Amino acid sequence: MDESRVNTSQPADELDRRLILLLQANARESTALLARKLGVARTTVVARLARLEANGRIVGYTARLGGDEAGRSVQAFVGITVSPKAGREVVKRLAELPELRQLASVSGEFDYMALLRADTTARLDALLDEIGDIDGVLRTNSSVVLALRVDRQT
């Protein structure tokens, strides 16, 4: 079967899963080396990557900071409560903050849960003030990360 003509809505198979695992370990791996590790042709890897990107299974490649660099920053989870109908504008303003790592709408006590990473506690304090000053933000509740016990994020 010609890999370049595979339907983009096709679910991932075992080869796709193994390819994704290799990319999670090292997203800079060459397609030739990936092909050797998977025991397939390089063109197969190229076609699989194109399909995985086209169907949204792979949405980007990133650099992860090592322990030394990550250890020089402070992270906090921030619960954010917003006034009714203010969510869209609040999300837009939050997305402009370069220190925002993740933002999720959640059920429960808060409307959103943000993960922030700042260089210093002083910068984190300023960020929390900035977030509190956004029109529509009613309240925030932050928890500073003391130690990361398990990290499966890629």
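The structure displayed is predicted, hence computed values, not measured ones.

Peer 1: What am I meant to see in the pattern of salt bridges here?
Peer 2: Note on pairing: side chains with opposite charge can pair once their charged atoms come close. Across all of its chains, the model carries eight salt bridges by this definition. Among the ionic pairs, Arg 123 bridges to Glu 99, the shortest N-O distance being 2.8 Å. On the criterion of sequence distance, the pair formed by Arg 123 in helix H6 (residues 121-132) and Glu 99 in the loop between helix H5 (87-95) and strand E2 (100-105) is long-range, its members being 24 residues apart. Judged by relative accessible area, which is 13%, Glu 99 ranks as buried. A salt bridge links Arg 123 to Glu 130, with the shortest nitrogen-to-oxygen separation between them at 2.8 Å. Ionic contacts of the salt-bridge type, sharing partners, join the residues Asp 13, Asp 16, Arg 48 and Arg 51 into one network.

Peer 1: Before we go on, may I ask you to explain a negative patch on the surface in this structure?
Peer 2: A cluster of acidic side chains, namely Glu 89, Glu 96, Asp 125, Asp 129, Asp 133 and Asp 135, defines a negative patch on the protein surface. With respect to the helices and strands, the residue Asp 133 is situated in the loop between H6 and strand E4 (137-144). Exposure remark for Asp 133: the relative accessible area of 62% places this residue in the exposed category.

Peer 1: Would you mind going over the packing of helix H1 (residues 14-25) against helix H2 (residues 31-38) with me for this structure?
Peer 2: The packing of two helices is summarised by the inter-axis angle and the distance between the axes. Put simply, H1 and H2 touch, their axes get as near as 11 Å, and they point 130 degrees apart. Viewed along their axes, H1 and H2 adopt a mutual orientation that is oblique. Between H1 and H2 the crossing geometry is right-handed. Across the interface between the two elements, Leu 15, Arg 18, Leu 19, Leu 22 and Leu 23 from H1 touch Leu 34, Lys 37 and Leu 38 from H2. A per-class count over the contact of H1 with H2 returns six nonpolar, no polar and two charged.

The rules behind the values
- Residues numbered from 1 in each chain as written.
- Predicted model: local features only at pLDDT ≥ 70, side-chain atom pairs only at ≥ 80, totals over all residues.
- Heavy atoms only, no water.
- Salt bridge = Lys/Arg side-chain N within 4 Å of Asp/Glu carboxyl O.
- Helix = DSSP H or I, 4+ residues; strand = E, 2+ residues; numbered from the N terminus.
- Buried < 20%, exposed > 50% of the residue type's maximum accessible area, 1.4 Å probe, protein only.
- Patch = residues over 30% accessible without salt bridge, like charges linked within 9 Å, V, L, I, M, F, W, Y side chains within 5 Å.
- Areas by Shrake-Rupley, 256 points an atom, 1.4 Å probe, with all protein chains shown as cover.
- Lys, Arg positive; Asp, Glu negative; His and termini not counted.
- Charge placed at Lys NZ, Arg CZ, Asp CG, Glu CD.
- Axes fitted to C-alpha atoms, helices over the stretch in contact; angles between N-to-C directions.
- Parallel < 35°, antiparallel > 145°, perpendicular 65-115°, else oblique.
- Left-handed = near helix turned anticlockwise from the far one by under 90°.
- Contact = heavy atoms within 4.5 Å.
- Nonpolar A, V, L, I, M, F, W, Y, C, P; charged D, E, K, R; others polar.

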